Amino acid sequence: MLRNICKQPLNFLKTSASLQQQVRTTFILKRKYEPPLHKKNQAPKKLRGRHHIYELVEDTTTKKQQNIEVVLKTFVEGVGAKGDVVSVKSNFAYNKLLLPGLAVYKTDENIAMYARKDNEKADLEHSSPFAQRTVNMLESLNLSVIMNKDHPWVIEPWHIKASLRKAGYICQEECITIPKEPIEGPDLNKEGKIFYCTVTINNLEKARLKCRIHHWSTDPSERLPYVFEFWKMPTEPLFGTAAEATKEEAKK
């Protein structure tokens, strides 16, 4: 039985199938001193040490790769809509668009295949590639609405507009919808309580904005003590009960 086993040739040097990937480690060099030319039908002259001194022309590992143009097969947040031809970085195109199947390479056939039809243009789900990102940022915001502690006031859309501007968001007053119930003050019982407004983006997307009332006085002696990281503190809704507010948060 051992003879039968030994008769079979064993090749231990045979390599197994492995994944081979191209590595861009090319260096382009040039000689600093040109070697002398040899005469016809004569042996070339021996190179000296100075002929082996090279200067670096280009290192392909640090070369910036050019952008890739792809055709989107569907809407991609922050990139574009279906049928758009976009130019993005190669890593982003491979990992985020081509591999997940959200885009294809730009060719005349792909442009014609994924072009938006007339009926699709009429039923837009997003007004712009960045609209949904803006909605997400606004809905994650805990907006502090600072109101006067010494004079009477009623919250209006321009108060929310001014508070958004302080937070770094520019919004038109016509795009803000406040609750129907009037919010009047000053009233320290409303201090720190939250209410919700609706911000309309491009007359299409709607963001539910969480607002928190904070009273402020021009007299330093009348100011309320500062609460560190107030947005992490538990809050009560201005309208309704805490259970209803929790239920509304779960629906988002």
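The structure reproduced in this document is the subject of the present report. (Residues numbered from 1 in each chain as written. Predicted model: local features only at pLDDT ≥ 70, side-chain atom pairs only at ≥ 80, totals over all residues. Heavy atoms only, no water.)

## Notes on the overall build of the chain
(1) Moving on: A tally of regular secondary structure across the chain gives seven helices and 11 strands.
(2) Moving on: Expressed as a percentage of the 252 residues in the chain, the buried residues total 24%.
(3) Moving on: Partitioning the contacts of the chain with sequence separation of at least 6, the portion at a separation of at least 24 is 58%. (Helix = DSSP H or I, 4+ residues; strand = E, 2+ residues; numbered from the N terminus. Buried < 20%, exposed > 50% of the residue type's maximum accessible area, 1.4 Å probe, protein only. Contact = heavy atoms within 4.5 Å.)

## Quick notes on the sheet that holds strand S4 (residues 85–88)
Strand-to-strand pairing in sheets goes through backbone hydrogen bonds, with the strands running parallel or antiparallel.
(1) Moving on: Read across the sheet, three strands follow the order S4-S3-S5 without closing on themselves; strand pairing throughout is antiparallel. What marks the edges here is a single partner per strand, and that holds for S4 and strand S5 (103–105). Averaged over all pairs of adjacent strands, the angle between their axes in this sheet comes to 45 degrees, without regard to strand direction.
(2) Moving on: Inspection of the sheet shows strand S3 (residues 68–72) paired to S4 by four bridges, in the antiparallel sense. In the strand pairing of S4, Ile-68 is matched with Val-88.
(3) Moving on: Sitting on the sheet, helix H2 (residues 90–98) touches S3, S4 and S5, and the angle it makes with S3 is about 20 degrees. (Pairing = 2+ DSSP bridges. Axes fitted to C-alpha atoms, helices over the stretch in contact; angles between N-to-C directions.)

## Comments concerning the packing of aromatic side chains
(1) Moving on: Here the structure, examined in full by the defined rule, presents zero aromatic pairs.
(2) Moving on: In this structure, Arg-208 is placed above the aromatic ring of Tyr-196, and the distance from its NZ or CZ to the ring centre is 3.7 Å. (Phe/Tyr/Trp six-rings, centres within 6.5 Å; stacked < 30°, edge-to-face > 60°. Lys NZ or Arg CZ within 6 Å of the ring centre and 35° of its normal.)

## Some thoughts on unusual backbone geometry
Most peptide bonds take the trans form, and the phi angle of most residues other than glycine is negative.
(1) Moving on: A cis amide bond, omega 5 degrees, links Gly-185 with the succeeding residue Pro-186.
(2) Moving on: With respect to the helices, strands and loops of the structure, Pro-186 is situated in the loop between strand S9 (184–185) and strand S10 (194–201).
(3) Moving on: A positive phi is found at Asn-203, a non-glycine position, where the angle reads about 60 degrees.

## Re helix H6 (residues 157–166)
(1) Moving on: Among all positions of H6, only His-159, Ile-160, Ala-162, Ser-163 and Leu-164 are buried.
(2) Moving on: Just beyond H6, the residue with positive phi is Gly-168, at close to 100 degrees.

## Focus: the state of the cysteines
Cysteine pairs can be covalently joined through their sulfur atoms, and such a bond is termed a disulfide.
(1) Moving on: Taken as a whole, this structure holds zero disulfides when the rule is applied.
(2) Moving on: Considering cysteine sulfurs only, Cys-175 is the nearest to Cys-171, which forms no disulfide, with 4.9 Å between them.
(3) Moving on: Note on Cys-197: no disulfide assigned, nearest cysteine sulfur contributed by Cys-211 at a separation of 4.0 Å.
(4) Moving on: A relative accessible area of 1% places Cys-197 in the buried class. (Disulfide = S-S within 2.5 Å.)

## Regarding the sheet that holds strand S11 (residues 205–216)
(1) Moving on: Reading across the sheet, the four strands line up as S6-S11-S10-S8 and stay open at both edges, with mixed pairing between neighbours. Single-partner strands in this sheet number two, and they are strand S6 (142–148) and strand S8 (176–177).
(2) Moving on: The pairing of S6 with S11 spans seven bridges and is parallel. The residue of S11 that forms the bridge with Asn-148 is Trp-216.
(3) Moving on: Contacts from helix H5 (residues 131–139) reach S10 and S11, with the element oriented near 30 degrees to S11.

## Topic: the environment of Phe-92
(1) Moving on: Here Phe-92 lies in helix H2.
(2) Moving on: Residue contacts for Phe-92: discarding those within four places in its chain leaves Val-79 and Leu-97.

## Some thoughts on H2
(1) Moving on: Turning to H2, its buried residues number three or more, namely Ser-90, Ala-93, Leu-97 and Leu-98. The buried residues of H2 occupy one face: seen down the axis, they fall within an arc of 85 degrees. In H2, those exposed residues whose orientation departs by more than 90 degrees from the buried face are Asn-91 and Lys-96.
(2) Moving on: In the core, the buried residues of H2 are packed alongside S3, S4 and S5. (Arc of directions from axis to C-beta.)

## Considerations on a nonpolar patch on the surface
(1) Moving on: Together, Phe-27, Leu-29, Tyr-54 and Leu-56 make up a nonpolar patch on the protein surface, roughly 430 Å² of accessible area in all.
(2) Moving on: Within the residue set of the nonpolar patch, elements represented by two or more residues are strand S1 (27–31) and strand S2 (54–59).
(3) Moving on: Within the secondary structure, Tyr-54 sits in strand S2. (Patch = residues over 30% accessible without salt bridge, like charges linked within 9 Å, V, L, I, M, F, W, Y side chains within 5 Å. Areas by Shrake-Rupley, 256 points an atom, 1.4 Å probe, with all protein chains shown as cover. Salt bridge = Lys/Arg side-chain N within 4 Å of Asp/Glu carboxyl O.)

In short, geometric facts, not functional conclusions.
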